[in-house]
Amino acid sequence: TKAIAIAPVVDWSTETKQEPFAEFVRQVTQGFPGAYRCPKKNFKKLLTKKFYNPVDWADSLDGKKLLLVHARDDESVPYMPTKKLARKIGATYVELQHAGHLGSSTIFEREIWKKVQRFISH
């Protein structure tokens, strides 16, 4: 009934110098061989905005059901689109100053876990 997104891509048209879209495609195809068996042109659909792009669907997202966690110094996925989307849809937003590109273990850090528990229980 609720979801937690850690360093989510909420706008596929926003890239970083550290991880441009081509690098994302390389990492996904090489890092998860066989999991994504589509031609690279299908990945590019993400950039067209004709395919699912969360910021373009903000009106249909229920922010009360979302907890978004992002770090300001994330060099792979920019935090600002996540922050703006959270504000727009009324999602719970947790911003970390110095944590880089976060992994799932982040939610188990004491201060964040308290926020996760509070979010889940309400």
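All of these numbers come straight from a predicted model, not from anything done at the bench.

J.: Before we move on, could you go through a nonpolar patch on the surface and cite the residues and values that matter?
T.: On the surface, Phe 51, Tyr 52 and Trp 57 cluster together into a nonpolar patch covering about 340 Å² of accessible area. The topology assignment puts Trp 57 in the loop between helix 3 (45-48) and strand 2 (66-71).

J.: Hey, could you go over the packing of aromatic side chains for me, with residue numbers and the actual values?
T.: Aromatic rings in a pair are described by how distant their centres are and how their planes are angled relative to each other. What the rule picks out here adds up to seven aromatic pairs. Each ring, one from Trp 12 and one from Phe 24, has its centre 5.1 Å from the other, and the planes form 55 degrees; the classification is tilted. Of this pair, Trp 12 sits in the loop between strand 1 (3-6) and helix 1 (21-31) while Phe 24 sits in helix 1, and the two are 12 residues apart along the sequence. A relative accessible area of 16% places Trp 12 in the buried class. Three or more aromatic residues joined by ring pairs form one cluster here, namely Trp 12, Phe 21, Phe 24, Tyr 36 and Phe 43.

J.: Can you explain the side chain of Asn 53? Please cite residues and give values.
T.: Within the fold, Asn 53 resides in the loop between helix 3 and strand 2. Looking at Asn 53, its side chain comes within polar contact range of the side chain of Asp 11, at 3.2 Å. Apart from the residues within four sequence positions on either side, Asn 53 is in contact with Val 10, Asp 11 and Trp 12.

Conventions adopted
- Residues numbered from 1 in each chain as written.
- Predicted model: local features only at pLDDT ≥ 70, side-chain atom pairs only at ≥ 80, totals over all residues.
- Heavy atoms only, no water.
- Patch = residues over 30% accessible without salt bridge, like charges linked within 9 Å, V, L, I, M, F, W, Y side chains within 5 Å.
- Areas by Shrake-Rupley, 256 points an atom, 1.4 Å probe, with all protein chains shown as cover.
- Salt bridge = Lys/Arg side-chain N within 4 Å of Asp/Glu carboxyl O.
- Helix = DSSP H or I, 4+ residues; strand = E, 2+ residues; numbered from the N terminus.
- Phe/Tyr/Trp six-rings, centres within 6.5 Å; stacked < 30°, edge-to-face > 60°.
- Buried < 20%, exposed > 50% of the residue type's maximum accessible area, 1.4 Å probe, protein only.
- Polar contact = N/O pair within 3.5 Å; in protein donor to acceptor, adjacent residues only side chain to side chain.
- Contact = heavy atoms within 4.5 Å.

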